[in-house]
Every structure is written in C-alpha cells, then in structure tokens.
Amino acid sequence: MPRPTATPEPAPPPAEAVGPLIRGLAVLRVLGAADGRRSVGDLVRDTGLARSTVDRVVSTLARTGYLRVEGRDAVLAPRLMELGNAYLSACGLPDRLGPLADALADRLDESVSLAVPDRDGVRFVAQATRRRAMSLVFRIGDLLPAECGAPGALFAAEWTGADWERWRRGRAADPAGSRFPAVPPYPAADAAGSFDRRAADARRQGWSVDDQLIEPGLVAIAMPVRDGSGRAVCAVSVVSHTSRHSARSLGEAVLPRLRTTVAAMEAALSGTAEAGEGAEAGGLSGGATAGALSEGTEAGGLRGGAKADALSEGAEAGALSGGAKADALSEGAKAGALCGNAASGGPAEQAEQAVRGGPAEPAAPPPDGPAPDGPVPAAWTRASKQELGPEFVESLARGLTVLTAFDRGPRAALPLTAVAEATGLARATARRSLITLEHLGYVAHDGRLFRPTPRVLELGFAHLSHLALPQIAQPHLVALVGQVRESASMAVLSGDDIQYVARVPTVRIMSVNITVGTRFPAYATSMGRVLLSGLPAAERARRLAGADLKPLTRHTVTSADRLATVLDLVERDRYALVDEELEEGLRSIAVPVRDRAGRVVAAVNVSMHAAGGTAEQATTDLLPPLRQAAERITADLRVAGRYGRLARE
C-alpha cells in the first residue's frame with residue numbers, strides 16, 4: 001500500500017485550461033506515486049473524480065499505450081516514459097553529462113548521480129550506480145526533499161527570500177514528507193533544522209555533504225555544475241556507504257576528481273549551448289530567466305492574446321471551466337478545431353520508436369497509439385474518437401502529445417507554432433494545452449519559448465525506469481498466449497546456454513513444463529539460435545568452434561558447419577524453428593528482441609507439441625503474432641532503455 005501523498009491546495013485553473021487534461025494528469029500522478037498500479041476504485045478515491053470520469057480517462061490512456069488494464073487494475077506501461085524522455089532530451093543533461101558521470105563512477109568505484117532542482121525538491125535525471133549488497137536505490141525521476149541530501153543545499157544556496165518562504169510553508173503543511181514517496185518515512189528533523197546552515201556552507205565551500213540525512217549509512221558529496229552565467233544547472237553527487245567511508249573520508253577521497261569532472265561537465269555544456277540555455281533546459285524552478293533565448297517570429301506569448309491567437313481560436317466554442325459543458329466541448333464538440341491540421345511529421349520521438357503496428361488508414365488506429373510512420377497525432381486522435389466515441393477523451397490525448405513535441409534534443413525550447421506543427425494540432429488547441437501544462441507545472445515559458453520542466457518525470461518515470469526486461473515482456477507474452485493458445489517464453493544468452501527469464505504457459509492437460517531460470521544448450525533451441533545468430537560474426541565463429549554439439553535427440557544438429565549454415569539462415573529470415581532437436585515431440589519457433597541500437601538482447605518463442613501440426617503450419621500460424629509481440633517488446637525497450645539501464649533479470 002503506497003504512502004498517501006499530500007499536495008498543497010492547487011491554484012484555480014485559468015479560464016482556458018483543458019479540464020480533461022487536468023483530470024487525466026491527476027490519474028497519472030496517482031499511478032506514479034503508487035508504483036504504477038492502482039485499482040480503478042482506488043483511483044476514484046485518490047483523485048476525487050467521478051467513477052465515469054476515471055473510466056474514460058483509463059480507456060483513453062489505454063488507447064494511447066500509456067497504461068494497460070489488468071482485471072480491475074490500471075497499470076502504467078513503458079510507453080508512458082516517452083513523456084519523461086522528452087524532458088530529458090530537451091534538458092540535454094543525461095546526453096551531455098551522463099558519459100562523464102559514468103566515467104567518474106568507474107574511476108571512483110562509487111555511485112554517481114545527476115540531479116536538478118524541482119520546486120522545493122531535488123529530482124534525479126541520471127544515475128551511474130555500483131552493484132553492491134548496500135547500494136543506491138534511487139531511480140531516475142525520484143524526487144527528494146531539498147533539505148535531505150547534498151544537492152538540495154547547493155540549489156538552496158541560490159534561493160531568494162521568496163524561495164525560502166515557499167520551502168518553509170511546504171514543510172509546515174507536510175511535516176511527514178508524504179509528498180516525497182521515494183524517501184523513507186521522513187528523515188530526522190535535523191535535516192530541516194540545519195538546512196539554512198548547510199546551504200550557507202555550500203555557498204562558501206562550493207560543495208555540500210550529506211552525512212546520513214536521508215537514512216543511516218548513506219553519505220554523499222555533491223558539487224554544482226554551472227552554466228555560462230554561473231547558475232547551477234544541476235548537481236553531481238558521489239554516494240557511498242559508511243561501511244566504506246565516513247562523510248569526511250569520502251570528501252577527501254573524491255573531491256579532487258569530482259572537481260575535475262565538474263570542470264569537464266561545464267565545458268561540455270558551454271560547448272553545445274549558449275550561456276543560460278543549459279540551465280533553462282535543465283528545468284530550474286525559480287530564479288532568473290535564461291538569457292539569449294531567441295524569440296523567433298512568434299506572433300504572441302502564451303497568454304499574450306495576440307490577434308493570431310484570437311483568430312485561430314475562433315473555431316473554438318469557448319474556454320473550458322471544468323464542468324459538464326467543458327467536457328463536451330473538449331471531447332469533440334469543437335469539430336472545427338481539428339479539421340485540416342494533419343501536418344506532416346509528429347513528435348520527434350516517433351523517429352526513435354519501433355513500428356507499433358496498425359493500418360495506414362486513420363479510421364482504424366492501432367490500439368496503443370499512433371504508428372511512427374502513420375498519421376500524425378491529431379489525425380490519430382480524431383480516428384480514435386470516431387471509433388471509441390465517448391470512451392476516448394480526445395482533448396486529454398491531444399494534451400499529452402504536446403509534451404512529446406519537445407523531444408528534439410538539447411535546447412528544445414519551442415515557440416507555439418512549432419508545437420502546433422510538431423503535433424498536427426490547431427494552434428489554438430496547442431495553446432490551450434500549453435496553458436494547462438504550465439498551470440500544472442509541467443511546462444514553463446520564457447518570452448515566446450516553452451520548455452518542459454523536471455516535474456514531467458513524476459508521471460510514472462521513476463517506477464517504469466526500474467522495470468527489468470522480463471517485467472516489460474510479461475504482458476506481451478500474456479497477450480500472445482491468449483492469441484495463439486500455446487506457451488510463450490523469453491530467454492537471454494548465458495554462456496553457451498539460454499536462460500529463461502519470462503514464461504507464460506498455456507492451460508492444457510499436456511503442456512511443456514519449463515520455468516523461469518531453466519537453462520538449455522543454445523545450439524539446440526530456437527531461442528538459442530536466434531541469440532547466436534545475433535552475435536557479431538567473429539564471436540559467433542568462436543562459440544561454434546568451441547561448442548560441444550551433443551546429440552540430444554536423433555534430430556539434433558551436431559555438425560558445426562551445418563549449424564553455421566543454419567545460423568546464417570536464421571539471421572537472414574529473422575526467425576528460427578527447431579523441430580524435436582531438444583526433446584522428442586517438442587517444436588518451437590523464436591524471433592529476436594532488439595535494443596535501441598538494434599542489437600539482439602533476447603529472444604521470444606512459442607513452443608508446442610510436434611503432433612499438433614506440421615512445421616509449415618506452425619510457421620504460417622504462429623510466426624506473424626510472434627513477430628508482432630516481439631516488435632511490441634522491442635518498442636517498449638526502445639522507450640524504456642533510452643535513458644535507463646535495463647536489467648536482464
């Protein structure tokens with residue numbers, strides 16, 4: 001049972017805010033705080049929304065592929081991470097500074113983190129962890145109280161009086177720290193009592209220490225990484241345990257190399273961004289706005305009320321205020337607002353994602369979001385609305401696509417026109433979504449440019465970034481078994497064997513009895529041959545030369561030359577079928593699962609009794625749905641593995 005989270009009393013939404021987008025994001029926040037799973041009844045209670053509203057939000061998010069429904073539960077799906085990926089891409093910190101953090105972790109043999117300020121907290125954006133019995137368990141996207149940890153004191157060293165007053169009000173309103181579910185029940189009161197002193201020390205020293213502020217045993221040293229204007233863009237922390245270091249000895253051991261790394265990070269930022277832009281992309285809350293941001297040719301700001309906005313909003317029936325009329329307007333009554341806006345392109349993330357399936361005609365969209373080579377989001381949402389009717393909240397889906405528009409790499413601060421073009425939305429529709437997202441803290445603007453903030457990561461990113469390969473694959477295997485009525489599995493290569501990491505058996509009197517953890521010789525299995533065929537040529541040849549090819553049945557291939565030929569065919573055809581080579585009467589067919597770089601990282605298969613039909617029938621009937629399942633797993637891996645490190649087991 002997750003800890004309930006207290007939230008400050010929200011400010012009333014602007015008149016033009018999109019009510020369904022506000023309500024949909026409330027559902028996602030609750031799911032993110034609950035580690036990705038909540039019953040629909042619990043969502044009703046936690047959000048205060050009507051059951052019918054929650055049902056429609058869940059139906060819409062399931063359609064977009066951001067969650068799935070399992071019985072009575074709504075469960076976050078890896079594709080939701082594309083929202084957090086858009087922020088991480090726009091801020092540029094993991095891409096530009098992550099390799100330097102990895103190198104520092106390797107040199108020191110300690111965990112290293114990058115964190116950015118997020119209101120009165122600190123949010124992680126990159127992690128380079130060391131695997132030990134006592135190791136760091138915070139995840140990318142986790143939010144910590146500013147006073148609990150070394151980075152917060154560094155950011156507080158630059159706070160204004162208003163920032164300190166906001167922090168004190170938040171601390172008084174939530175003394176138990178329930179808004180920070182990533183940390184244990186609130187740490188010692190000393191963390192808050194000594195915060196102003198530690199912030200002053202950080203300002204004077206240029207670095208900060210965490211001596212077991214979060215929990216006993218955890219110690220850390222942090223330094224700020226500054227942009228060209230001298231503002232702290234992020235903080236880099238080296239984290240250890242008291243079994244290895246005291247806070248003092250950790251500082252003595254790591255500060256020289258930490259200073260060198262910070263200098264390299266600041267050089268990396270200055271080499272790719274104008275002064276001030278790195279900090280803005282990094283999502284700094286409060287403080288001065290970035291300089292040198294080009295205002296382009298945008299006709300007006302978000303709230304500027306320029307004539308261009310007024311003209312483009314003429315097709316809209318009126319501003320949303322959150323009531324029943326607002327729902328009706330936002331979900332399709334504004335027919336003119338979406339007509340004729342199917343501009344080419346779409347969110348930049350589409351170029352990175354695997355094909356998700358679905359026909360080319362917009363009238364029949366796929367069940368989990370638009371395909372990257374299919375219609376732009378505006379056309380896809382219209383088609384989904386036509387198919388699902390009131391169960392699809394079009395304005396919610398449109399608002400979420402606005403966040404993905406920022407996935408254009410570092411310095412991805414965009415004018416309104418660029419957001420509208422990237423999403424295929426009418427300019428007025430994109431504007432109202434941006435107003436809503438800014439009200440909720442997910443978008444900020446400087447002049448005529450808009451950027452996502454670190455708060456986007458609260459939408460389930462921390463939970464989803466911690467999923468391992470089998471957890472990502474399991475729901476797809478369940479769906480596959482329901483479709484083909486045969487057992488399905490996933491395996492990875494482990495030495496000369498395959499090792500099962502996920503398994504969904506079919507329900508039959510006679511079934512194949514294999515469990516997770518089972519190992520078989522790779523050469524005699526369909527998944528093993530897929531995995532071997534995905535190795536570099538030299539590595540494959542080396543393995544074949546040293547393989548002990550024993551005959552497991554009278555059908556087993558035991559010739560190295562013949563097996564090499566078979567693997568060449570598997571690589572060409574992108575599947576392997578093994579018929580009674582591992583065990584008499586057992587047939588299986590397998591296909592590869594690939595990572596973002598196209599490397600084969602796992603294989604999935606369907607296994608069956610050979611008496612159930614011919615090998616040709618198995619290929620005809622099972623290969624297409626098996627490939628679709630593998631493509632969906634691959635698509636999830638590409639999203640989930642973009643900034644996170646996926647565990648194999």
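Residues numbered from 1 in each chain as written. Predicted model: local features only at pLDDT ≥ 70, side-chain atom pairs only at ≥ 80, totals over all residues. Heavy atoms only, no water.

(A) Spatial organisation of the overall build of the protein. Along the backbone of the protein there are 23 helices and 17 strands. Within the span of the protein, comprising 649 residues, buried residues form 57% of the whole. For the protein, the share of sequence-separated contacts (at least 6 apart) that also reach a separation of at least 24 residues comes to 67%. Of the roughly 26,200 Å² that the protein leaves accessible, carbon and sulfur atoms contribute 53%. (Helix = DSSP H or I, 4+ residues; strand = E, 2+ residues; numbered from the N terminus. Buried < 20%, exposed > 50% of the residue type's maximum accessible area, 1.4 Å probe, protein only. Contact = heavy atoms within 4.5 Å. Areas by Shrake-Rupley, 256 points an atom, 1.4 Å probe, with all protein chains shown as cover.)

(B) Broad picture of the pairing of strand E4 (residues 111-118). The buried fraction of E4 amounts to 8 of the 8 residues, a majority that puts the element mostly inside the structure. Across the two faces of E4 the burial is the same, with Ser111, Ser113, Ala115 and Pro117 and Val112, Leu114, Val116 and Asp118 all buried. Examined bridge by bridge, E4 and strand E9 (residues 232-241) share 5 bridges and lie antiparallel to one another. When the sheet's bridge partners are listed, alanine 115 is paired in E9 with alanine 235. Where E4 meets strand E5 (residues 121-128), 7 bridges bridge the pair, whose relative direction is antiparallel. Its bridge partner being in E5, alanine 115 is matched across the sheet by phenylalanine 124. In sequence, E4 turns back onto E5 through a hairpin of 2 residues, with arginine 119 there showing a positive phi of about 55°. (Pairing = 2+ DSSP bridges.)

(C) Spatial organisation of the sheet that holds strand E7 (residues 208-211). Pairing is antiparallel across the open sheet formed by 6 strands, whose spatial order is E6-E5-E4-E9-E8-E7. If you trace the sheet from one side to the other, it starts and ends with strand E6 (143-145) and E7, each paired once. Strand-to-strand, the axes of this sheet are offset by a mean angle of 30°, without reference to chain direction. Strand direction decides the pairing type here: strand E8 (residues 218-226) and E9, joined by 9 bridges, are antiparallel. (Axes fitted to C-alpha atoms, helices over the stretch in contact; angles between N-to-C directions.)

(D) The arrangement of the confidence of the model for the protein in detail. On average, residues of the protein carry a pLDDT of 82, and 79% of them reach 70 or more. Across residues 1-7, confidence stays below pLDDT 50; counting only partners more than four residues off in sequence or on other chains, it has 21 contacts. Scored below 50 in pLDDT, residues 273-367 makes 218 contacts in the model with residues more than four places away or belonging to other chains. (pLDDT = per-residue confidence, 0-100.)

(E) Representation of the sheet that holds strand E1 (residues 37-39) within the structure. Spatial ordering of the open sheet is given by E1-E3-E2, a layout of 3 strands whose pairing is antiparallel. In the strand order of this sheet, the two ends are held by E1 and strand E2 (67-70), each with one partner. In this sheet, neighbouring strand axes are inclined to one another by 25° on average, regardless of whether the strands run parallel or antiparallel. Sheet analysis places E2 next to strand E3 (residues 73-76), joined by 4 bridges and oriented antiparallel.

(F) Geometry of unusual backbone geometry. Phi is positive for aspartate 109, which is not a glycine, with a value near 55°. If you trace the backbone, aspartate 109 turns up in the loop between helix H5 (93-108) and E4. Using a relative accessible area of 37% as the deciding quantity, one classes aspartate 109 as partly exposed. Here the phi dihedral of glutamine 212 falls at roughly 60°; this positive angle occurs in a residue that is not glycine. Relative to the helices and strands, glutamine 212 resides in the loop between E7 and E8.

(G) Structural context of empty space enclosed by the protein. This structure, assessed with the given rule, holds 8 cavities of 30 Å³ or more. One number sums up the size of the second largest cavity: a volume of about 130 Å³. If you trace the second largest cavity, you find 19 residues lining it, with Phe124, Leu144, Pro151, Asp210 and Ile214 closest to the centre. Looking at the lining of the second largest cavity, the elements with two or more residues in it are E5, E6, helix H6 (150-156), E8 and E9. With 3 residues, H6 is the single largest residue contributor to the lining of the second largest cavity. Tallied by class, the residues present in the lining of the second largest cavity amount to 14 nonpolar, 4 polar and 1 charged. (1 Å grid on protein atoms, 1.4 Å probe; cavity = no way out; pocket = protein on both sides within 12 Å on 5 of 7 lines; lining within 4 Å. Points joined across faces, edges and corners; volume = space filled by probe spheres on them. Nonpolar A, V, L, I, M, F, W, Y, C, P; charged D, E, K, R; others polar.)

(H) Fine view of the packing of aromatic side chains. The final tally for this structure, using the stated rule, is 8 aromatic pairs. When the ring of tryptophan 167 is compared with that of phenylalanine 195, the centres are 5.1 Å apart and the planes differ by 55°; the resulting orientation is tilted. Pair noted here: tryptophan 167 is in helix H7 (residues 161-173) and phenylalanine 195 is in helix H9 (residues 195-205), with a separation of 28 residues, a long-range link. Classification of phenylalanine 195 as buried rests on a relative accessible area of 0%. Here the aromatic residues Trp159, Trp164, Trp167 and Phe195 are joined through ring pairs into a cluster of three or more. In this arrangement the basic side chain of arginine 455 is found over the ring face of tyrosine 442, its NZ or CZ atom lying 5.8 Å from the centre. (Phe/Tyr/Trp six-rings, centres within 6.5 Å; stacked < 30°, edge-to-face > 60°. Lys NZ or Arg CZ within 6 Å of the ring centre and 35° of its normal.)

(I) Geometry of the pattern of salt bridges. Tallied over the full model, the rule gives 43 salt bridges. Residue glutamate 394 is joined to arginine 398 by a salt bridge in which the shortest nitrogen-to-oxygen separation is 3.5 Å. Remark: arginine 398 and glutamate 394 occur in helix H15 (residues 394-404); sequence separation between them is 4 residues, near one turn of the helix. In this structure, glutamate 394 and arginine 398 share a single accessibility class: buried. Arginine 543 is the partner of aspartate 496 in a salt bridge, and the nearest nitrogen-oxygen pair spans 3.7 Å. Here aspartate 496 is found in the loop between strand E12 (487-494) and strand E13 (497-504), whereas its partner arginine 543 is found in helix H21 (residues 537-546), with 47 residues between them in sequence. (Salt bridge = Lys/Arg side-chain N within 4 Å of Asp/Glu carboxyl O.)

(J) Summary view of the packing of helix H1 (residues 19-33) against H15. Taken N-terminus to C-terminus, the directions of H1 and H15 make an angle of 70°; their axes are 8 Å apart at the nearest point. It follows that H1 is roughly perpendicular to H15 by the angle criterion. Residues Pro20, Leu21, Gly24, Leu25 and Leu28 of H1 pack against Ser395, Leu396, Gly399 and Leu400 of H15. For the contact of H1 with H15, the class distribution of residues is 6 nonpolar, 3 polar and no charged. (Parallel < 35°, antiparallel > 145°, perpendicular 65-115°, else oblique.)

(K) Spotlight on H9. When we look at burial in H9, the residues that qualify are Phe195, Arg198, Ala199, Asp201 and Ala202. Taken around the axis of H9, the buried residues stretch over an arc of 160°, which confines them to a single face. For H9, the exposed residues lying more than 90 degrees away from the buried face are Arg203 and Arg204. (Arc of directions from axis to C-beta.)

(L) Representation of the pairing of strand E11 (residues 449-452) in the model. Burial of the side chains of E11 extends over both faces: Leu449 and Arg451 are buried on one face and Phe450 and Pro452 on the other. Strand direction decides the pairing type here: strand E10 (residues 443-446) and E11, joined by 4 bridges, are antiparallel. The residue bridging histidine 445 from the neighbouring strand is phenylalanine 450, located in E11. The hairpin turn running from E10 into E11, its antiparallel successor, is 2 residues long, and glycine 447 in that turn takes a positive phi close to 65°.

(M) Here's a closer look at the state of the cysteines. Applying the stated criterion to the full structure yields 0 disulfides. Free cysteine cysteine 91: the closest other cysteine sulfur is in cysteine 234, separated by 8.5 Å. By relative accessible area, which is 0% here, cysteine 91 ends up buried. (Disulfide = S-S within 2.5 Å.)

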